[in-house]
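Here's the letter readout for the chains.
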Amino acid sequence: MLPIQSNFSLQHANTLGLPAIARHFLRLTDPAQLAELCLDPALKALPWRILGGGSNLVLADEINALVIAVELKGRRLLKEDDDAWYIAATAGENWHEFVQWTLAQGWAGLENLSLIPGTVGAAPVQNIGAYGVEVKDTLFELTAYRLSDGQARVFSAAECQFSYRDSCFKQAEADQWLIAEVVFRLPKTTNLKTNYGDIEQELHLLGQRTAQAVAQAVINVRQRKLPDPAVIGNAGSFFKNPIVSNTLRASVLAAHPELVSYPAGPAHYKLAAGWLIERAGWKGRQLGPVGMYQKQALVLVNHGGATQHDVALLTQAVQADVRAQFGVELEAEPVWW
């Protein structure tokens, strides 16, 4: 019999610390449990929600669904060829611990993604990224189970339809698949990416230029700038960096020559959302029990007792002020349940 719990508190299962209650809850430790779930008509009548590390979610007070916490564990060298190692990790593995394990084996490629909260299975959904690197850069394929019937399917990287902080699992295929295992292709020729943010400065202080040094540099910068969810509730970077036309960027730049922006394909630029939010006056500012972090304006924090409604009010207020001042639309990054 499946160990399904009713009226389960998710407050400690989401990094924002919102007081959500799931109508039904299951810790998935074996893919075979999914097939058993598919045979239960009462459970099949409910929506199903897949929970990883809970680091990219804004939860409602009540979740009228079956919440499946993916706790599948395992990681291994799948194979290698002349050019790369192929590393398989199951969905419940802690992302940061997995990255550090690959580096300890001498397999570089994920170092820029150090200290990102969450799990391996959730990483492709969001196409997590940091310091010039995204999951799509090294993901080779993944295995997912269709929630409607429990059938497995292998998705190539192209079939995941990755884009900026997005994938088919967040859009067209949302709530239809449970990612069980991810395979990464890590090249044997190391190509360190160090030209983003404060990484070069940190490497200079560390006195090394290795993949592990880059990982440590990223960890140092993140710990200095970002709050620990165990200390203050947050979901990491809360807004996407908006991608705008050259025309709009030129308009903002004319009024604000110090604008932080980066080329983002033909005739488009990516603007730094944190810079926009800070200039709109929201860095360190609160609205009720939530606010934008005093050290990094891009991070929304829960000072205690917040609900999804509080987060929505702050989100809308920040979006409105950035729109009024710069004519730029901000999009929230997390998924809302």
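You'll find the structure just up there.
Residues numbered from 1 in each chain as written. Predicted model: local features only at pLDDT ≥ 70, side-chain atom pairs only at ≥ 80, totals over all residues. Heavy atoms only, no water.

Draft legend 1. Spatial organisation of the sheet that holds strand β2 (residues 21-28). Spatial strand order, β1-β2-β5-β3: four strands in an open sheet with mixed pairing. Edge positions in the open sheet fall to β1 (5-9) and β3 (48-51), since each of these has one partner strand only. Shown here is a sheet whose adjacent strand axes are inclined to one another by a mean of 45°, direction ignored. Pairing of β1 with β2 involves four bridges; the strand directions are antiparallel. For S9, the partnering residue across the bridge sits in β2 and is I21. (Pairing = 2+ DSSP bridges. Helix = DSSP H or I, 4+ residues; strand = E, 2+ residues; numbered from the N terminus. Axes fitted to C-alpha atoms, helices over the stretch in contact; angles between N-to-C directions.)

Draft legend 2. Molecular detail of the packing of aromatic side chains. With the rule as written, the count across this model stands at 15 aromatic pairs. Where W85 meets W107, the ring centres are 6.3 Å apart and the plane angle is 40°; that geometry is what we call tilted. Placement of W85 in strand β7 (residues 84-90) and of W107 in the loop between α3 (95-104) and α4 (123-126) is noted, with a sequence separation of 22 residues between them. What makes W85 buried here is its relative accessible area of 17%. Since its relative accessible area comes to 9%, W107 is described here as buried. Here the aromatic rings of Y196 and Y262 are separated by 5.9 Å at their centres, their planes lie at 20°, and the arrangement is stacked. Taken together, the residues span a long stretch of sequence, with Y196 in the loop between β12 (177-187) and α5 (199-206) and Y262 in strand β15 (residues 261-263) at a distance of 66 residues. By relative accessible area, which is 38% here, Y262 ends up partly exposed. (Phe/Tyr/Trp six-rings, centres within 6.5 Å; stacked < 30°, edge-to-face > 60°. Buried < 20%, exposed > 50% of the residue type's maximum accessible area, 1.4 Å probe, protein only.)

Draft legend 3. Region of interest: the packing of α5 against helix α6 (residues 211-225). Packing of α5 against α6 brings their axes to within 9 Å, and their N-to-C directions diverge by 115°. Classified by the angle between their axes, α5 and α6 sit roughly perpendicular to one another. Crossing handedness for the pair α5 and α6: right-handed. In this structure, α5 uses I199, E202, L203 and L206 to contact α6, whose residues at the interface are A213, V214, Q216, A217, V218, N220, V221 and R224. (Parallel < 35°, antiparallel > 145°, perpendicular 65-115°, else oblique. Left-handed = near helix turned anticlockwise from the far one by under 90°. Contact = heavy atoms within 4.5 Å.)

Draft legend 4. Representation of the nonpolar core. Counting 42 residues, the largest nonpolar core has W95, F98, L142 and F184 as its most contacted members. Broken down by secondary-structure element, the contributors of at least two residues to this core are β7, α3, β10 (139-146), β12, α5 and α6. At seven residues, the largest contribution of residues to this core is made by α6. Beyond its immediate sequence surroundings of up to four residues, F184 is in contact with W85, Y86, I87, W95, F98, L110, V120, V135, T138, L139 and F140. (Core = buried A, V, L, I, M, F, W, Y, C linked by side-chain atoms within 4.5 Å.)

Draft legend 5. Representation of the pattern of salt bridges in the model. Counted under the stated rule, the structure contains 18 salt bridges. A salt bridge links E71 to R27; the shortest N-O distance between them is 2.9 Å. Pair noted here: E71 is in the loop between β5 (62-70) and β6 (75-80) and R27 is in strand β2, with a separation of 44 residues, a long-range link. Here E71 falls in the partly exposed class, since its relative accessible area comes to 28%. (Salt bridge = Lys/Arg side-chain N within 4 Å of Asp/Glu carboxyl O.)

Draft legend 6. Spotlight on unusual backbone geometry. Even without glycine at this site, N7 takes up a positive phi of about 50°. Looking at the secondary structure, you find N7 in strand β1. Of note, the phi angle at R165 is positive, near 50°, even though the residue is not glycine. Among the secondary structure elements, R165 is positioned in the loop between β11 (152-156) and β12.

Don't take any of this as a statement about function, it's just geometry.
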